[in-house]
Structures are given as structure tokens and as C-alpha cells.
Amino acid sequence: MPQNNAGHAPETSKRTSPRVYTPRSQSELLQLLRRHPGSRIYAGGTALSGLEDTGRLAIPATVVALYGVDDLRRIARTDRYLEIGANATIRAVSRVGSNVIPKTLYDCLPHIVPPGLRTIATLVGNVCVQGTTTTSVAPLIALGSSIEIRRVGGSRWITVQRFRSGEGAYLQPGEVVTRLRIPLSPWDAQVYRPSEDGRISFAALARRSKGGVDAVRIVIGTRLPEVIHNRELDAELTGRKLPLPDRDIRAAAERMRNTAQAHDPGFSSFDLYRIERLVSWFLRSLTRR
Amino acid sequence: MRVRFTLNGKAVQVDAEPEARLSDVLMHHLEIASMRQDCSEGRCGSCLVIFEGIIVSSCMIPMFRVLGTEVVTIEGLFGSRDLRDIERGFQSTGFEPCRYCAAPKTLLTHAIISENTRPREEELEVQAQAVRCRCTSYQHFLEAIRNAAKQRRSRTRDI
Ligand SMILES: Cc1cc2nc3c(=O)[nH]c(=O)nc-3n(C[C@H](O)[C@H](O)[C@H](O)COP(=O)(O)OP(=O)(O)OC[C@H]3O[C@@H](n4cnc5c(N)ncnc54)[C@H](O)[C@@H]3O)c2cc1C
Ligand code: FES
Ligand code: FES
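Cut-offs used in this document
- Residues numbered from 1 in each chain as written.
- Chains lettered and ligands numbered in written order.
- Predicted model: local features only at pLDDT ≥ 70, side-chain atom pairs only at ≥ 80, totals over all residues.
- Heavy atoms only, no water.
- Pairing = 2+ DSSP bridges.
- Helix = DSSP H or I, 4+ residues; strand = E, 2+ residues; numbered from the N terminus.
- Axes fitted to C-alpha atoms, helices over the stretch in contact; angles between N-to-C directions.
- Parallel < 35°, antiparallel > 145°, perpendicular 65-115°, else oblique.
- Contact = heavy atoms within 4.5 Å.
- Nonpolar A, V, L, I, M, F, W, Y, C, P; charged D, E, K, R; others polar.
- Domains from an automatic or database assignment.
- Buried area = accessible area lost by both parts, 1.4 Å probe.
- Salt bridge = Lys/Arg side-chain N within 4 Å of Asp/Glu carboxyl O.
- Polar contact = N/O pair within 3.5 Å; in protein donor to acceptor, adjacent residues only side chain to side chain.
- Buried < 20%, exposed > 50% of the residue type's maximum accessible area, 1.4 Å probe, protein only.
- Arc of directions from axis to C-beta.

*Asks:* Sorry, what's going on with the pairing of strand β8 (residues 146-151) of chain A here?
*Replies:* The side chains of a regular strand alternate, residue by residue, between the two faces of the sheet. Residue and element names in this part refer to chain A. Summarising the sheet, β8 and strand β9 (residues 154-159) pair through 6 bridges and their orientation is antiparallel. Bridge pairing links R151 to G154 in β9. The sheet contact formed by β8 and strand β10 (residues 176-183) spans 5 bridges and is antiparallel. Paired with I149 across the strands is V177, a residue of β10.

Here you go:
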């Protein structure tokens, strides 16, 4: 059965205290997860811990905490990737700096949790919260990021898009996400725009070459678990000459609006209007650059 | 469970539920006078402490996580030159936080300038929002932190 990581739905018992395991190494972590397949992973614990009416934190019955596993704190950079360990806090990631972290992700970091929690909440924990599209997911998908999933005796990499899509890719008992890998491809335009009410997060990237559009990715996070990502639209915009004619921009924005409406019929007309405006603003900005 | 940890430089031990909040234990078991808890969900920053060298909302820290760690509240700074730097920085800016937020804002300033006496502006702007306050200007608080950092630099000759 897939491990359900629904963020604020802790499986707690009000009477028994949680059983907490604190491994010191990755191998100990994997062994513990194998021995306790029903346990939940506790990274920063900021999404996992709800509030009980007794005033205590609502921690699931059995948790395996990551904070003692030092090598999961590692943030490493190669020519092609940035790799972020499952224990790296949002603050640690943002301290790597805007010259290394892709702008669309860097700009989203201050919006993930309140500042008093950035020092314990992790970026990988943000990706692993299920049941809603958390703040970092749209930029990470736009950037083509992947995660490493490990268990005793094996590991696999899958894209964040697939991990979040629910195509059977959720964690199996005994599995843990150990690393996040973000490609450091060059992009000429990168934006991240959250709506003030937190209902929409907009991430878009574009690369230009020889007066045309070489690649485009537009991803929108909503309250639903899956993001809005119209790959056909990305593909159609790719290869187009700049400046894009106004009617094409309007048509692209309208298509994104229709995709959003099909994605969530509960969107208000204001939400749909905002999506349309963000897409046209981004495409127009390519022309202006 | 029995939780032993270091509080303001002294070894302490308390019997607490593993899922009890650090903020509650500091207020009710250890009677730390400066401790306050407002939102109880990590939003407002009234309950900030320095936990293992980092500033954090203690209402989201369960006691099982506190075992063997080091916790500092504003009481841990009393009488120190570090605190004097901050007071001077606040005074020279004319910044007077109210009784409710003076402790978390002072502790936050201490955490920021202890880590870097020349905090990067973009980092500073995010961190300074850790204490929610609707009655003083945020710019004024930023200026007070910059002046506290200046005091710290001149005292430690990091000019
Ligand atoms: C006041 C408040 C405001 C918040 N605002 C936002 C917001 O605006 N946007 C937002 O996106 N989130 C928000 N959150 C939710 C949460 O704080 C963030 O999503 C945070 O990034 C979660 O990280 P964490 O390390 O605390 O994860 P945890 O709480 O430890 O874990 C989250 C989930 O992921 C699982 N998990 C964690 N790490 C792994 C791993 N390595 N492998 C497998 N599973 C794992 C856990 O079992 C759990 O189900 C908020 C929380 C609070 C308390
Ligand atoms: S009481 Fe802890 S952040 Fe509000
Ligand atoms: S809450 Fe104290 S000055 Fe605003």
C-alpha cells in the first residue's frame, strides 16, 4: 500500500505517546523503515505535526526522524545539477544564494513557511507533503527536478512531476526520499509569482535563441495535489519567433485558462482570470527582454 | 519521558510528554518569564528561542527533539555585552518594541547578528518578518537590526 503523506492529517492516538526513532546514518534509517513499515518520516515536522485539542503536538504513532542523519543535510553542486539532501532546511537552501539556485526556486523559498520555521522545515519535506500542491512544487517541476528514493537494497530516481502525479509513484512502505536533484540548465527568463491568498503559484521558464523561443515551461500550482502543466502548449510555443504576436499570446493564455478550468472546476472566475493574466504577462515579457 | 538539555547555559531536566511543545515546557514547567505563545502554530514568532544555535518557533518543537540539545531564551543574554549591543542599536534607532514582542525581537536580532555582523539585505528582510507585529514599522525594525549589527561590529572590531 502506498505511504500516504497527507500533510496535516496525522494518525495520532490521543492517549499513547508517539514512538520516535532517531537514526544516525542512512543505513540505520533504511533498516528502521524496513522494520517499521507503518511509520511516518519526520523531517522538520512542520507539516506532520498538527495540533491536538490537549495543546500538544499531534505526532503520528510511530515516526522515524531524519534530523540525526547528518549526511542528508548535504547540498552539493556539480556543473549540471544542484543536489539537496532530505535534511537540508529551507534556510540552508536559501543561503546557497541567488547566484546558484535557479531564480524561480529562489524566489519561491521565502513563501514556503513562516520565517520562524524556515530553520527546521526542509525543502524535501515540502515536496513530500501530499494532498495539496505545496509551494515549491510548481518551480521544481518547471525546472525538471527529480528525487532519489531509497529503501534497503535499492534506490530509484523519479521526476518530481511523476512523484506528485499519483501514477503509482508514491512511496512504498520502507522507502524514503533522500535527495532532490535540480538541473542547472541556463534559462533566459525565470519567474515565480504566488497569489496573495496562496491559491495559485505560478512558475515559468523560457530560453531564447536566434530571435526565437528555444524552450518554454509554464507550471501552475493550486490547492489540488496535481499541478497544471499543459505540455502541448509548452511544445507549441517552442520554436516560435519573437516577438510573439499579440493574438498568439492571447490564444496561449486562453488555452491555459481552459486547462485550469478542466483541472479544477471549482476555480473562481477571478482565479481563472489571474491565470490568464499571468501567462500573457510572462509571454509579453519575453518579447520585451 | 525525562528530557535533559541545556537551558541558558545550565543543565536542566524535565519530565514531559514527547509530543509536548518546547514553548509550553519553558513557560509552565521551567517558568521562563519571557516565554509567550500566541498562535501556537508557527506563524507569529512570539515563542522564538535559539535552539541548537538557530532561531526557531518553539511551539513547533516537540520535547523528544529537545533531548540533549541547547536552548537559549532572552534570559540567557541578561547582563551580557551581546545584549548591550542590541539595546544600544535599538536605542540609537529610537526603536522601542512593546513588552509583548521585545524578547522575541531581541533574540531574533541576536541570532541574526551573531551569525553574520553584516547580514545580507535580502536574508535580513525575510528573517526580520519572523516576529509578527502590526504596530511598529517593519522598516524601523530593519534599521534597528542594522544598528545593532554596527554596535556588535565596533565592539568586536569587525570594522
Ligand atoms: C504555520 C505554517 C504555515 C505553512 N505554510 C506553508 C506554505 O505556505 N506553503 C507550503 O508549501 N507549506 C506550508 N506549510 C507546511 C510545511 O511547513 C512545509 O510544507 C514544510 O516545507 C514541510 O517540511 P518539513 O521538513 O517540516 O516536513 P515534515 O512535516 O517533516 O514532513 C512533511 C510530510 O512529508 C513526509 N516526508 C518528509 N520528508 C520526507 C522524506 N525525506 N521522505 C519521505 N517522506 C518525507 C512526512 O512524512 C510528512 O508526511 C506550513 C506549515 C505551518 C505550520
Ligand atoms: S506561538 Fe509559536 S509561532 Fe506563534
Ligand atoms: S507587537 Fe510589539 S511592537 Fe508590535
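That shown, we press on.
*Asks:* Just checking my understanding: could you explain the packing of helix α2 (residues 81-93) of chain B against helix α3 (residues 102-115) of chain B for this structure?
*Replies:* Helices that pack against each other are described as a pair by the angle of their axes relative to one another and the distance between those axes. Residue and element names in this part refer to chain B. At a minimum axis distance of 10 Å, the contact between α2 and α3 shows a crossing angle of 110°. Taken together, the axes of α2 and α3 are roughly perpendicular relative to one another. Of the residues in α3, those touching α2 at D82, L83, I86 and F90 are K105, T106, T109, H110 and I113. Residues of the contact of α2 with α3, tallied by class, amount to 4 nonpolar, 3 polar and 2 charged.

*Asks:* Could you clarify how one ought to interpret the domain arrangement of chain A in this entry?
*Replies:* Interfaces are often described in size by the accessible area the parts lose on coming together. Residues and elements named next belong to chain A. As far as domains go, chain A holds domain 1 (2-65), domain 2 (71-183) and domain 3 (189-288). Spacing between the C-alpha centres of domain 2 and domain 3 amounts to 23 Å. Looking at the side of domain 2 facing domain 3, the largest losses of area belong to T104, T133 and A142, adding up to 32% of the total buried there. Linking domain 2 with domain 3 are 0 salt bridges, by the criterion used here. For the interface between domain 2 and domain 3, the tally reads 9 residue pairs in polar contact (both at pLDDT 80 or more). Going through the elements one at a time, α3 (103-108), α5 (137-142) and α6 (160-165) are the ones with two or more residues in the side of domain 2 that touches domain 3. Looking at which element gives the most residues to the side of domain 2 that touches domain 3, the answer is α5, with 5 residues. Classifying every residue of the side of domain 2 that touches domain 3 gives 8 nonpolar, 9 polar and 3 charged.

*Asks:* How do you make sense of helix α1 (residues 26-35) of chain A when you look at a structure like this?
*Replies:* Three- or four-residue spacings in an α-helix give side chains the same orientation, since the helix completes a turn every 3.6 residues. Residue and element names in this part refer to chain A. Turning to α1, its buried residues number three or more, namely Q26, L29, L30, L32 and L33. Buried residues along α1 cover an arc of 160° about the axis, so they all sit on one side. Turned more than 90 degrees from where α1 packs its buried face, S27, R34 and R35 sit exposed. At its buried positions, α1 is contacted by β1 (19-21), β2 (40-42), β5 (62-65), β8 and β10.

*Asks:* Just checking my understanding: could you explain the sheet that holds strand β5 (residues 70-72) of chain B for this structure?
*Replies:* Whether parallel or antiparallel, the strands of a sheet pair through hydrogen bonds between backbone atoms. Residues and elements named next belong to chain B. Read across the open sheet, the 5 strands follow the order β2-β1-β5-β3-β4; overall the sheet is mixed. Both outer strands of the open sheet, β2 (10-15) and β4 (54-57), are each paired with one neighbouring strand and no more. Across the sheet, the mean angle separating the axes of adjacent strands is 40° when strand polarity is ignored. Bridge count for strand β1 (residues 2-7) against β5 is 2 bridges, and the pairing is parallel. If you follow T6 over to β5, its bridge partner there is E70. Across the sheet, α3 lies against β3 (48-51), β4 and β5, angled at about 35° from β3, the strand it touches most.

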